[in-house]
Structure formats: C-alpha cells, structure tokens
Amino acid sequence: LVRRKDGVFTAFTRKDGLPADGYFYDIREDRERALWITTWTSGLARYKDGRFTTFRKAHGLASDNVNALLEDRDGALWIGLVEGLTRYANGTFTSFGEKEGLPGRGMVFTIAQQADGTLWFGTLDGLVRRKDGVFTAFTRKDGLPADGYFYDIREDRERALWITTWTSGLAR
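Note that the structure is a prediction, hence the values are computed from the model and not measured. (Residues numbered from 1 in each chain as written. Predicted model: local features only at pLDDT ≥ 70, side-chain atom pairs only at ≥ 80, totals over all residues. Heavy atoms only, no water.)

What follows covers unusual backbone geometry. Located in the positive-phi region is D49, a residue other than glycine, with phi close to 55 degrees. Structurally, D49 is set in the loop between β5 (44-48) and β6 (51-55). In this structure, R159 is a non-glycine residue whose phi angle is positive, near 70 degrees. Judged by relative accessible area, which is 55%, R159 ranks as exposed. (Helix = DSSP H or I, 4+ residues; strand = E, 2+ residues; numbered from the N terminus. Buried < 20%, exposed > 50% of the residue type's maximum accessible area, 1.4 Å probe, protein only.)

Structure below.
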C-alpha cells in the first residue's frame, strides 16, 4: 500500500501494521477520515491516527476474504466478503448470509447505495437489493443479462442503476 502526501510517496507493509503486503481490493475513507482497506485473506484494516487496526473473522467478520466496502448514509460500514456480508456499526459487527436473504454462496463483489437509501449488492449468484431491512435477489429471470458475477453498481443522475457483469456486459 502506497500513500502520496505533500509530494512524498510512503509505502506501508506488514512492518507498519498492515495485515498483508498485497491483494488489496478496495480502499475507502469514512466520515471520521479513517481509511478502510480490504485484503484477500487477512481481513479488513483500518488506518486511523497513524496506526493500523486489523479486523478478522475472530472479531466478527463473516470471512477474512474481503472484496468490497461502502459507508452508508447512516455511517455504517457494509463489508462484502467471499462468504457473505458484514455490517459494522457502533463498534459491532453483524453478519448476513443465506438465511438472511443473500442468494446461494453469498460472495459479494460490490456494494452501492441509491439516493433513497436502498442498498445493492453485486454477488456471485445475483443482484441483491436491501430495502427496509429485507434482502431481495434478482437474476436473469428478472430481466438481468446474467445470473451472477455483478462487479460494479452505479446510480446515474436520473436514478437509474448501471451494473457491470463479468461476461454479459453492462446492464441498466
């Protein structure tokens, strides 16, 4: 991980407190100006006040394999994992899987929030909406070009969703 500050590049490694030296998938800054860094096999790292803190399955994540992050409009951090989804709010982790409505294997690649607060999750097994606390899965039978492998979700100015897929292009 490399930071550029005041024209100077600084590399951070395990020696600096990172849980891994590579395979970072997403980096987000939260409203408290902390950086959250996902790792493929070593959980989630937070960089705040000059030091790293690592969160792993033992701390409440559903998996140590972290793919995606989103801070929602209420300040909760949604964490997309290889094995489900975890929400971090007020110092507490809450995990979601198939029994809570995530489809199939629950691998979450991307997370987005619409202006109205609706959350969307691009997963291996479908596009999932969370509205009013309820998860609903959508696939090809609902008009999508694929049944899974949704990699990015964006809302445009007209509030339409744009969704990228691994093998079936772009969907609106």
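Our next topic: the side chain of N67. Looking at the element boundaries, N67 is found in strand β7 (residues 66-71). Engagement of the side chain of N67 in a polar contact is seen with the backbone oxygen of V108, the distance being 3.0 Å. Contacts of N67, omitting those with residues within four sequence positions, involve Y25, D26, T38, W40, G80, L81, V82, M107, V108 and F109. (Polar contact = N/O pair within 3.5 Å; in protein donor to acceptor, adjacent residues only side chain to side chain. Contact = heavy atoms within 4.5 Å.)

A word on the nonpolar core. Ranked by internal contacts, the top residues of the largest apolar core, which has 14 residues, are W78, L85, F96, L102, I111, F121 and F135. Going through the elements one at a time, β7, β9 (84-89), β11 (108-113) and β12 (119-123) are the ones with two or more residues in this core. Excluding residues that lie within four positions of it along the chain, L85 makes contacts with W78, I79, G80, T94, S95, F96, L102, V108, I111, F121 and F135. Judged by nonpolar contacts, the second largest core, of 13 residues, contains W36, I79, L81 and Y88. (Core = buried A, V, L, I, M, F, W, Y, C linked by side-chain atoms within 4.5 Å.)

A word on the sheet that holds strand β3 (residues 24-29). In space, the four strands of this open sheet follow the order β3-β4-β5-β6, with antiparallel pairing throughout. Edge positions in the sheet fall to β3 and β6, since each of these pairs with one other strand and no more. Taking each pair of neighbouring strands and ignoring which way they run, the sheet shows an average axis angle of 20 degrees. Sheet topology note: the strand β4 (residues 35-39)/β5 ladder contains four bridges and is antiparallel. Of the residues in β5, the one forming a bridge with I37 is A45. (Pairing = 2+ DSSP bridges. Axes fitted to C-alpha atoms, helices over the stretch in contact; angles between N-to-C directions.)

Strands sit in the order β15-β16-β17 across an open sheet of three strands; the sheet is antiparallel. Strands at the two margins of the open sheet, each flanked by one partner only, are β15 (150-155) and β17 (170-171). Pairing geometry for β15 and strand β16 (residues 161-165), over five bridges, is antiparallel. Within β16, the position partnered with D152 by the bridge is T164.

A word on the pattern of salt bridges. Following the criterion strictly, the structure yields six salt bridges and no others. Its salt-bridge partner being E32, residue K48 comes within 3.3 Å of it at the nearest N-O pair. Separated by 16 residues along the polypeptide, K48 in strand β5 and E32 in the loop between β3 and β4 bring together distant segments of the chain. Judged by relative accessible area, which is 30%, K48 ranks as partly exposed. Note that D64 and R56 form a salt bridge whose closest N and O atoms lie 3.1 Å from each other. (Salt bridge = Lys/Arg side-chain N within 4 Å of Asp/Glu carboxyl O.)

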